[in-house]
Amino acid sequence: MNLDDVTAFQQIDSQDMIGQINGLPDQLNRAYELGKTFPLPEKRKFHSVLISGMGGSAIGADLVASYLQDKISLPIIVHRDYELPLWAGEDTLVVASSHSGNTEETLWAYDQARQRGCAIVAICTGGKLAGLARKDGVPLWQFDHRHAPRTAVGFSFGLLLALFEQLGLISSVEQEVDEAVHAMRNVQTNLGIDVPVTHNPAKRMAGQLFGRWVVVLAADYLAPVARRWKGQINELAKAWAQFEFLPEADHNTLAGLENPSAMLMNMMALFIQAPGINSRNQKRIELTREMFMTQGINTDMIVARGEGKLAHIWTSLLFGDYMAYYLAMAYGIDPTPIPILDAFKSEMASV
Ligand SMILES: O=P(O)(O)OC[C@H]1O[C@](O)(CO)[C@@H](O)[C@@H]1O
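For clarity, every value in this text was computed on a predicted model and none was experimentally measured.

Let's shift gears to the packing of helix H8 (residues 174-191) against helix H13 (residues 309-331). One can describe the packing of H8 onto H13 by two numbers: an axis separation of 8 Å at closest approach and a directional angle of 30°. Our pair here, H8 against H13, has a crossing hand that is right-handed. Touching Glu 176, Val 177, Glu 179, Ala 180, Ala 183, Met 184, Val 187, Gln 188 and Leu 191 of H8 are Lys 309, Leu 310, Ala 311, Trp 314, Thr 315, Leu 318, Phe 319, Tyr 322 and Tyr 326, all from H13. Its residues assigned to classes, the contact of H8 with H13 shows 13 nonpolar, two polar and three charged.

Attention now goes to the sheet that holds strand S9 (residues 298-303). Within the open sheet, the four strands sit side by side as S7-S6-S8-S9. Their pairing is parallel. Because the sheet does not close on itself, it has two edges, and the strands there are strand S7 (241-246) and S9. Averaged over all pairs of adjacent strands, the angle between their axes in this sheet comes to 25°, without regard to strand direction. Where strand S6 (residues 213-219) meets strand S8 (residues 267-273), five bridges bridge the pair, whose relative direction is parallel. Its bridge partner being in S8, Trp 213 is matched across the sheet by Met 267. Packing against the sheet, helix H12 (residues 279-294) makes contact with S6, S7, S8 and S9, and its axis sits at approximately 165° to S8.

Let us now look at unusual backbone geometry. Between Leu 246 and Pro 247 the backbone carries a cis peptide bond, its omega angle lying at 5°. Following Asn 259, the chain continues to Pro 260 via a peptide bond in cis, the omega torsion being -10°. One non-glycine residue with positive phi stands out, namely Asp 16, at about 55°. Mapping Asp 16 onto the fold places it in the loop between helix H1 (6-12) and helix H2 (17-22). Its identity is not glycine, yet Lys 238 carries a phi of approximately 50°, on the positive side. Checked against the element boundaries, Lys 238 lands in the loop between helix H10 (223-237) and S7.

Looking at helix H9 (residues 201-209), one finds that the buried residues are Ala 202, Lys 203, Met 205, Ala 206 and Leu 209. Each buried residue of H9 lies within a common arc of 165° when the element is viewed along its axis, so the set occupies one face. Tucked into the core, H9 has its buried residues touching H8, S6, H10, S8, S9 and H13. Looking at the residues trailing H9, positive phi occurs at Gly 211, about 80°.

Moving on, we come to the site of the ligand. Near the ligand, the surroundings consist of 13 residues, among which Gly 56, Ser 57, Ser 98, Ser 100 and Thr 103 are the closest. In this structure, an oxygen atom belonging to the ligand sits 2.5 Å away from a main-chain N or O atom of Gly 56. Within the side chain of Ser 57, a nitrogen or oxygen atom sits 2.4 Å from an oxygen atom of the ligand. Isolated, the ligand exposes 390 Å² of accessible area, and the fraction of that covered by the protein chains is 91%. Taken together, the elements giving at least two residues each to the shell around the ligand come down to helix H4 (56-67) and helix H14 (339-350).

What counts, and at which threshold
Residues numbered from 1 in each chain as written. Predicted model: local features only at pLDDT ≥ 70, side-chain atom pairs only at ≥ 80, totals over all residues. Heavy atoms only, no water. Axes fitted to C-alpha atoms, helices over the stretch in contact; angles between N-to-C directions. Helix = DSSP H or I, 4+ residues; strand = E, 2+ residues; numbered from the N terminus. Left-handed = near helix turned anticlockwise from the far one by under 90°. Contact = heavy atoms within 4.5 Å. Nonpolar A, V, L, I, M, F, W, Y, C, P; charged D, E, K, R; others polar. Pairing = 2+ DSSP bridges. Buried < 20%, exposed > 50% of the residue type's maximum accessible area, 1.4 Å probe, protein only. Arc of directions from axis to C-beta. Near = heavy atom within 4 Å. Polar contact = N/O pair within 3.5 Å; in protein donor to acceptor, adjacent residues only side chain to side chain. Areas by Shrake-Rupley, 256 points an atom, 1.4 Å probe, with all protein chains shown as cover.

See below:
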């Protein structure tokens, strides 16, 4: 597929996924402002925050947790499962985050949080979770968004940020949000569908990844961005990908670069770098990449843009979203429907 053939894109992309990706800076801004208008739980003093969600509704929580690691004194745990940990109790704020409001793991966690007397906030577009929150008098943060949950990452992130601010758990990050939005708009000028391959790094990278096994590596506050890249490659391009976090990967993954050699020769390792991450981790990224190359593995580096952490997170995330979109186009695959995940959900609902 010619990655400059915009007419062919329009035929494949049945539900305007590219429109959603283009709209992410506005979405982030809107969500952050909207979150400042929503109701809070009565209790305001917590020892911990647990955010329950899956897939596209969990990744925003990962990003918030790592962005706030040096800004908040409470632990934030992202929970992608049914049973809540024993420590979750009356001093825990549980945020149930589900775009559809119908994800069974999140509804299960919501139910347990109610039984344990946790303070709860429900974030969703509707569904069962909205109904339960209304019935139970739980603060309901309902937003309007009619596309796939993974395209609502600006909402799942921006609403949580506003929640923490409203609760007084962090000081205002408005300036950083503005800077991130500005930096995203800047990088978009090189990433859009009208920008030809010769000037478009996301298209070029998609060309490199076509037919390859992909691993994305990152450290520090960019670790969840590697996870987002992996999820977007899976769900948009219907392609295999994995993520690895540094420094941990230097203590095991590196040792696995020998076998099976045929598969490793078909691998592409992507490293996400930024000037704001711990200087030892920056060094590790360079050295780890060198080790991969010495083993004969193809690599590439993505350098986050903008000044602050939030801009780094969002510019590198946005690059990944465009790249995954172009990879879907290269494979000739509609990036929005995820039939196998839907079929699996129905199967689970029937047993
Ligand atoms: O945000 P929801 O509606 O809870 O869905 C969670 C995840 O489930 C999926 O629909 C697939 O199972 C993902 O696309 C989504 O991110």
